[in-house]
Amino acid sequence: FLSRFFSSAENMDNKINGRLFKEEMNVIYDSKCGVCKMEIDFLRRRDEKLASLNNAHPRLKFTDLEGEGGGDYNPMDKSNGGITYAQGMASIHAVTFDGKILNGVPVFRALYQEVGLGWLFAVTKYPILKQLSNLGYDLFAKYRTNITRGQKLESLIKMYEEKKKIESKQKRSEKCDTATMTCRT
């Protein structure tokens, strides 16, 4: 009960302040990608360390497309910016507290800036290096799931969509009583 109360109060405070969430940025990632998970774990540790040192809340929010708790990613959650599973799997995305959506290399630039290491990606702002880094990331993103998960992106998306259809049918059937042929809404 109390956690629901405090969560509602926090959400109300965020809405009043024009924020989608209390952190500065929500990064949407694939925890089943070893490379991605390693990067996210580093950023999470760094963010938590800075928050602890500064007696502040973390600046980053992390949303797993594969749902560490069982695959409950919701693109309709405003903090996820409407990013679909397919979009999120195709390249890394982030949503800022005010709803701006980033994807690809700009996500890394912003994330590293938030954890005090912006200088590592600052060079990706210069025209030639920007093009090279974008090209390199796009190439990695194109083959990421083949390399890190052993499956093509398209097959992972298809499996996800099939899983969601089955879950939807199960939820509908749980609401219906076959003996009386009635359904709860």
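Each remark here, short or long, concerns the structure printed above.
**Let's talk about the packing of aromatic side chains**
Logical step 1: Per the counting criterion, the structure on display carries six aromatic pairs.
Logical step 2: For the ring pair Tyr-137 and Phe-140, a centre distance of 6.3 Å and an interplane angle of 50 degrees mean the geometry is tilted. One end of the pair is Tyr-137 and the other is Phe-140, both in helix α5 (residues 127-149) and three residues apart, which spans about a single turn.
Logical step 3: Among the aromatic side chains, those forming a connected cluster through ring pairs are Phe-42, Phe-108, Tyr-112, Phe-121, Tyr-137 and Phe-140.
Logical step 4: Positioned over the ring face of Phe-97 is Arg-19, at 4.0 Å from the centre of the ring.

**Focus: the pairing of strand β2 (residues 60-64)**
Logical step 1: Summarising burial for β2: four of the five residues are buried, a large majority.
Logical step 2: Examined bridge by bridge, strand β1 (residues 25-29) and β2 share five bridges and lie parallel to one another. Across the sheet, Val-27 pairs through a bridge with Phe-62, a residue of β2.
Logical step 3: Since β1 and β2 lie parallel, the crossover through helix α2 (residues 34-53) that links them has a hand, and here it is right-handed.

**A word on the state of the cysteines**
Logical step 1: Following the criterion strictly, the structure yields one disulfide and no others.
Logical step 2: Each disulfide pairs two cysteine sulfurs, and for Cys-33 the partner residue is Cys-36, the sulfurs being separated by 2.5 Å. Its S-S torsion of approximately 70 degrees makes the covalent link between Cys-33 and Cys-36 right-handed.
Logical step 3: For Cys-33, a relative accessible area of 0% corresponds to the buried category.
Logical step 4: When its relative accessible area of 16% is taken as the criterion, Cys-36 is described as buried.

**As for the nonpolar core**
Logical step 1: Of all hydrophobic cores here, the largest spans 20 residues; its most connected members are Met-25, Val-27, Leu-43, Leu-60, Phe-62, Val-107 and Leu-111.
Logical step 2: Of all the elements in the fold, those that place two or more residues in this core are β1, α2, β2, α4 (105-114) and α5.
Logical step 3: Broken down by element, this core gets its largest block of residues, six residues, from α4.
Logical step 4: The contacts of Leu-111, once residues within four sequence positions are left out, are Met-25, Val-27, Leu-43 and Leu-60.
Logical step 5: One finds Tyr-73, Tyr-85, Val-95 and Ile-157 within the second-largest nonpolar core, a separate group that totals 12 residues.

Rules behind the numbers
Residues numbered from 1 in each chain as written. Predicted model: local features only at pLDDT ≥ 70, side-chain atom pairs only at ≥ 80, totals over all residues. Heavy atoms only, no water. Phe/Tyr/Trp six-rings, centres within 6.5 Å; stacked < 30°, edge-to-face > 60°. Helix = DSSP H or I, 4+ residues; strand = E, 2+ residues; numbered from the N terminus. Lys NZ or Arg CZ within 6 Å of the ring centre and 35° of its normal. Buried < 20%, exposed > 50% of the residue type's maximum accessible area, 1.4 Å probe, protein only. Pairing = 2+ DSSP bridges. Right-handed = clockwise from strand over helix to strand, strands pointing away. Disulfide = S-S within 2.5 Å. Core = buried A, V, L, I, M, F, W, Y, C linked by side-chain atoms within 4.5 Å. Contact = heavy atoms within 4.5 Å.

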